[in-house]
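Analysis of the macromolecular model
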Amino acid sequence: MNKEECIEIVQEYYEEYGRSPTHDSDVIPYTLAKKLFGTWTELIKQSGVLHTNQKYSNLTVDEFLKLFESRCDKIEEGCWEANFIYKKKGYARITYNNITWAAHRLIYTLVKGPIPEGKLVRHTCDVKACCNPDHLEIGTDQLNQLDSLERGTWRTGKTTREIRPKNLPDAELLEWLVYKDCDPDDNGCFIWQKSLDPDGYGLTHYKGVTKRAARLIYILHNNYPNIEGQIVRHTCDVKACCNPDHLIIGTLSNNALDARKNRKGLKFNEQSVRVVLTGYYEVKENKNMLIKDFIKIITKEYNCSAGTVHDIIYNRKWKDVYADFHKNLK
Ligand SMILES: [Zn+2]
Ligand SMILES: [Zn+2]
């Protein structure tokens with residue numbers, strides 16, 4: 001690849017994604033860019049496209065937030081995963097007005113205000129790359145650890161793992177997922193060591209999409225069977241296990257199916273949505289409870305995620321009921 005080709009690639013990338021590639025993206029090897037241009041920034045400059053940083057500086061805060069949100073991967077629990085930017089130890093990092101931030105801290109600051117000195121912004125969802133302001137709150141390190149302990153996502157031992165190269169061929173990816181992203185335990189399970197969803201299942205990314213690791217491993221290991229509508233079960237009952245020999249295809253038992261439905265919030269109907277909205281409205285008016293605590297109560301009562309409650313009270317789903325409810329308030 002020569003200079004012209006590098007520049008062309010950057011320009012094409014910019015056209016397609018609306019931003020310049022970061023130095024760790026696969027489009028151009030960093031070492032090559034360095035050799036040809038001295039620095040990555042110089043390459044971007046010569047390509048005549050705006051550096052991501054400059055691009056953001058030209059926007060108002062609202063425009064920036066909108067753009068940021070639209071680039072995040074939205075996952076089931078309402079998380080906004082900032083997978084489009086460079087990540088360090090799982091946390092997205094972003095340069096905004098010449099200051100490099102952990103992205104979730106920047107979003108918190110822009111949406112909710114300054115972070116008190118020495119305080120952490122913690123994720124109520126445990127997804128490090130998540131930048132949904134509804135999932136961010138001020139906390140202490142201790143609290144953070146306690147929370148993840150409760151959810152069973154707290155880990156000891158190895159903290160640094162080899163970073164999986166992007167775009168591995170499927171066969172190599174399978175090996176990597178099973179042998180490098182997992183640690184074996186005494187029962188023959190391979191325990192997923194990366195992020196877990198709130199239910200305790202391993203999550204990973206495949207072709208830009210967040211997937212359950214065990215499901216992806218099952219598919220790769222069994223030569224791409226069509227398992228649409230079916231679930232991948234663990235014969236060992238260990239949710240974080242990714243040993244292909246412990247994975248089978250199956251249907252959910254009725255109980256599990258119900259639990260799953262509840263988690264997904266399917267249990268909500270017009271009436272219960274109204275109950276939630278009424279409660280939320282009362283709490284907001286009377287300030288007799290923190291919104292956060294109200295949401296907790298609802299999630300317990302309906303066995304749903306906080307994201308589902310957010311969807312209702314912030315008018316993201318059940319929009320008809322929301323509109324009708326507010327019309328009748330006036
Ligand atoms: Zn989240
Ligand atoms: Zn297992």
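Going by the structure above, here's the rest.
Let me sum up the structure you'll find in this document. This one's a predicted model, so the numbers in the text were calculated from it and none came from an experiment.

Focus on the overall build of the chain
Assigned secondary structure in the chain consists of 14 helices and 13 strands. Evaluated residue by residue, the chain yields a buried proportion of 25% over its 330 residues. Partitioning the intrachain contacts of the chain with sequence separation of at least 6 by distance along the chain shows that 51% fall at a separation of at least 24.

Points about the environment of Val127
Within the secondary structure, Val127 sits in the loop between strand S6 (120–123) and strand S7 (136–139). Distance from Val127 to Leu203, taken between C-alpha atoms, is 10.0 Å for residues 76 residues apart in sequence. Setting aside residues no more than four positions away along its own chain, Val127 makes contact with Cys79, Glu81 and Ser195.

Things to note about the packing of helix H11 (residues 270–286) against helix H14 (residues 319–329)
Running from N to C, H11 and H14 point in directions that differ by 50°, and their axes come no closer than 10 Å. Classified by the interaxial angle, the pair formed by H11 and H14 is oblique. Crossing of H11 against H14: the hand is right-handed. The segment H11 lies against H14, with Glu270, Val273, Arg274 and Leu277 engaging Val321, Tyr322 and Phe325. Here the residues of the contact of H11 with H14 are counted per class, giving 5 nonpolar, no polar and 2 charged.

Describing helix H13 (residues 306–313)
Where burial is concerned, most of H13 is hidden: 6 out of the 8 residues are buried. Every buried residue belonging to H13 is among Gly307, Thr308, Val309, Asp311, Ile312 and Ile313, and all of these are buried. Those residues of H13 hidden inside the fold are in contact with H11 and helix H12 (291–302). A positive phi of about 60° marks Asn315, the residue just after H13.

Details of the nonpolar core
The tendency in soluble globular proteins is for nonpolar side chains to be buried side by side. Ranked by size, the top nonpolar core spans 20 residues in total, and within it Ala82, Ala92, Ala103, Ile107, Cys130 and Cys131 carry the most contacts. Those elements that place two or more of their residues in this core are strand S4 (91–96) and helix H6 (103–112). Element by element, the count of residues in this core is highest for H6, at 4 residues. Excluding anything up to four places from it in sequence, Ala103 contacts Ala82, Ile85, Ala92, Arg93, Ile94 and Cys131.

Overview of the packing of helix H2 (residues 30–37) against helix H3 (residues 40–47)
Closest axis-to-axis distance for the H2/H3 pair is 8 Å, and the angle between their directions is 70°. One way to sum up the angle between H2 and H3 is to call them roughly perpendicular. Facing H2, whose interface residues are Tyr30, Ala33 and Phe37, H3 presents Trp40, Glu42, Leu43 and Gln46. For the contact of H2 with H3, a count of residues per class yields 5 nonpolar, 1 polar and 1 charged.

So, how was this worked out
- Residues numbered from 1 in each chain as written.
- Chains lettered and ligands numbered in written order.
- Predicted model: local features only at pLDDT ≥ 70, side-chain atom pairs only at ≥ 80, totals over all residues.
- Helix = DSSP H or I, 4+ residues; strand = E, 2+ residues; numbered from the N terminus.
- Buried ≥ 20, exposed ≤ 12 C-beta atoms within 10 Å, placed from the backbone.
- Contact = placed C-beta atoms within 7 Å.
- Axes fitted to C-alpha atoms, helices over the stretch in contact; angles between N-to-C directions.
- Parallel < 35°, antiparallel > 145°, perpendicular 65-115°, else oblique.
- Left-handed = near helix turned anticlockwise from the far one by under 90°.
- Nonpolar A, V, L, I, M, F, W, Y, C, P; charged D, E, K, R; others polar.
- Core = buried A, V, L, I, M, F, W, Y, C linked by C-beta atoms within 7 Å.

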